[in-house]
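The residues making up each chain are set out below.
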Amino acid sequence: MIERVEWEQLPAGLRVSVEVRTGAVVAAELVPQGLNCTVALALTTQRGPLFFKGVREDDAEGVAALRWEEQLNPTVRGVSPTIRHTFRSDGWYCAAFDYLEGRNADLGPGSADLEAVALTLQRMHQLRLPDLTIPPLADRFSGHLLPGEERALAGGHLLHTDTNPHNIMISGGNAYVVDWAMPAVGPAWVDAAYTAVRLMEYGQSPAAALAWLNTIPSWRRADPKAVAAFTSATCRRWTATVGEKGAAASNTRIQHLTA
């Protein structure tokens, strides 16, 4: 479990830096979800609600993750909340986003959220690639690729790569994908495939998850060889990470993608 720091525990100078930008903070509620930041707070301020994230400057991985969010935000606006402020203060690196009044997506059986999730994933396919050096998807599987698989995983689309339900918010009937901390470039269908695997993880049958996935045009156009490379490389990587027994359930779910 990642450490979470309350508003009152932050350095006084950092709190002043926030309020200079937002007006007085009237209330601050801890947000428990997420793995990439030490501070995650829903702030009620004089100038409106904000979602506030922060990491210590000496947390290299956390800074890198939040930096990706900052750099990608102009590209993903519309499918993700807008960042209003970024700054460094008192040994912390911080960002304040528009606050989404909503809830995490329900990916389980009978969910009414799946159409909205599918529409947002299709909108993500249309995002332009920003002028940034974003790592190719194949880099995730370094050391676990067979000959030809790196080429099969090439593509020109911006990918989120972590569409778990904590990163999909439902607000006003629309789905928003948050926390763009682990971007990659690859085939357009990859985020939809990851999401279908999450559907199975949250209780959907493989048949139901694949039926949903088949509503995504990019998936219907996916090269079977690329899908096979994605599933096999993912399984090999996860097995190497947690062992064959620990990886069995997850690997079974992702192997359904090649059915």
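This text gives an overview of the structure that appears in the document.

Quick notes on the rules
Residues numbered from 1 in each chain as written. Predicted model: local features only at pLDDT ≥ 70, side-chain atom pairs only at ≥ 80, totals over all residues. Heavy atoms only, no water. Helix = DSSP H or I, 4+ residues; strand = E, 2+ residues; numbered from the N terminus. Rg over C-alpha atoms; globule rule 2.2 N^0.38 Å. Buried < 20%, exposed > 50% of the residue type's maximum accessible area, 1.4 Å probe, protein only. Contact = heavy atoms within 4.5 Å. Areas by Shrake-Rupley, 256 points an atom, 1.4 Å probe, with all protein chains shown as cover. Pairing = 2+ DSSP bridges. Axes fitted to C-alpha atoms, helices over the stretch in contact; angles between N-to-C directions. Core = buried A, V, L, I, M, F, W, Y, C linked by side-chain atoms within 4.5 Å. Disulfide = S-S within 2.5 Å. Arc of directions from axis to C-beta.

**Side note on the overall build of the protein**
Thinking step 1. On a plain count of helices and strands, the protein comes out with 8 helices and 10 strands.
Thinking step 2. Taken over C-alpha atoms, the radius of gyration comes to 19 Å for the protein, in line with the 18 Å a tight globule of 259 residues would show.
Thinking step 3. With respect to the three principal axes, the spread of C-alpha positions in the protein is 55 × 40 × 40 Å.
Thinking step 4. For the protein, buried positions account for 49% of its 259 residues.
Thinking step 5. For the protein, contacts bridging at least 24 residues in sequence account for 68% of all contacts bridging at least 6.
Thinking step 6. As displayed, the protein offers around 12,500 Å² of accessible surface, 51% of which is attributable to carbon and sulfur atoms.

**Notes on the side chain of T234**
Thinking step 1. The topology assignment puts T234 in helix α8 (residues 224–255).
Thinking step 2. Discounting residues that sit within four places of it in the chain, T234 has contacts with F141, N251 and I254.

**Comments concerning the sheet that holds strand β4 (residues 83–89)**
Thinking step 1. Across the sheet, 5 strands lie side by side as β1-β2-β3-β5-β4; this open sheet has antiparallel pairing. Sheet topology places β1 (25–30) and β4 at the edges, where each strand pairs with a single neighbour. Along the sheet, successive strands turn relative to each other by an average axial angle of 25°, direction set aside.
Thinking step 2. Sheet topology note: the β4/strand β5 (residues 92–98) ladder contains 6 bridges and is antiparallel. The residue bridging H85 from the neighbouring strand is A96, located in β5.
Thinking step 3. Seen against the sheet, helix α1 (residues 12–22) touches β1, β2 (39–45), β3 (48–56), β4 and β5 and runs at an angle of roughly 150° to β4.

**Structural notes on the sheet that holds strand β6 (residues 103–104)**
Thinking step 1. Read across the open sheet, the 3 strands follow the order β6-β8-β9; overall the sheet is antiparallel. Each edge of the open sheet carries a strand with a single partner, namely β6 and β9 (174–177).
Thinking step 2. With 2 bridges connecting them, β6 and strand β8 (residues 168–171) associate as antiparallel partners. Across the sheet, R103 pairs through a bridge with I170, a residue of β8.
Thinking step 3. Relative to β9, helix α3 (residues 114–125) is tilted by about 50°, and along the sheet it contacts β8 and β9.

**Concerning the nonpolar core**
Thinking step 1. Ranked by internal contacts, the top residues of the largest apolar core, which has 51 residues, are W212, F230 and L257.
Thinking step 2. If one sorts the elements of this core by residue count, helix α5 (residues 190–201) sits on top with 8 residues.
Thinking step 3. Non-local contacts of W212, meaning those with residues more than four positions away in its chain, are made with L114, V117, A118, L121, A192, T195, A196 and L199.
Thinking step 4. Formed by 15 residues, the second largest nonpolar core is a distinct cluster that contains W7, L14, F87 and W92.

**Section: the environment of P135**
Thinking step 1. By the secondary structure assignment, P135 is in the loop between α3 and α4 (149–152).
Thinking step 2. On the accessibility criterion, P135 (31% relative accessible area) is partly exposed.
Thinking step 3. It is 9.1 Å that separates the C-alpha atoms of P135 and G186, two residues lying 51 residues apart in sequence.

**Some points on the side chain of N167**
Thinking step 1. With respect to the helices, strands and loops of the structure, N167 is situated in the loop between β7 (157–159) and β8.
Thinking step 2. A relative accessible area of 5% means that N167 is categorised as buried.
Thinking step 3. The residues touching N167, leaving out its near neighbours within four places in the chain, are H160, D162, Y176, V177, V178 and D179.

**A word on the pairing of β5**
Thinking step 1. In terms of residue burial, β5 counts as a mostly covered element, since 6 of its 7 residues are buried.
Thinking step 2. Here β3 pairs with β5 via 7 bridges, running antiparallel. By the bridge assignment, F52 is partnered in β5 with A96.
Thinking step 3. If you look at the hairpin formed by β4 and β5, you'll find 2 residues sitting between the two strands, and D90 has a positive phi there, around 55°.

**Let's talk about the state of the cysteines**
Thinking step 1. Scanning all chains against the criterion turns up 0 disulfides.
Thinking step 2. Here C37 stays free of any disulfide, with the sulfur of C94 as its closest cysteine sulfur at 10 Å.

**A short note on α1**
An α-helical segment advances 3.6 residues per turn. Residues three or four places apart therefore align on the same side.
Thinking step 1. Listing the buried residues of α1 in full gives L14, S17, V18 and T22. Take α1 and look down its axis: the buried residues cluster within an arc of 120°, on one side only.

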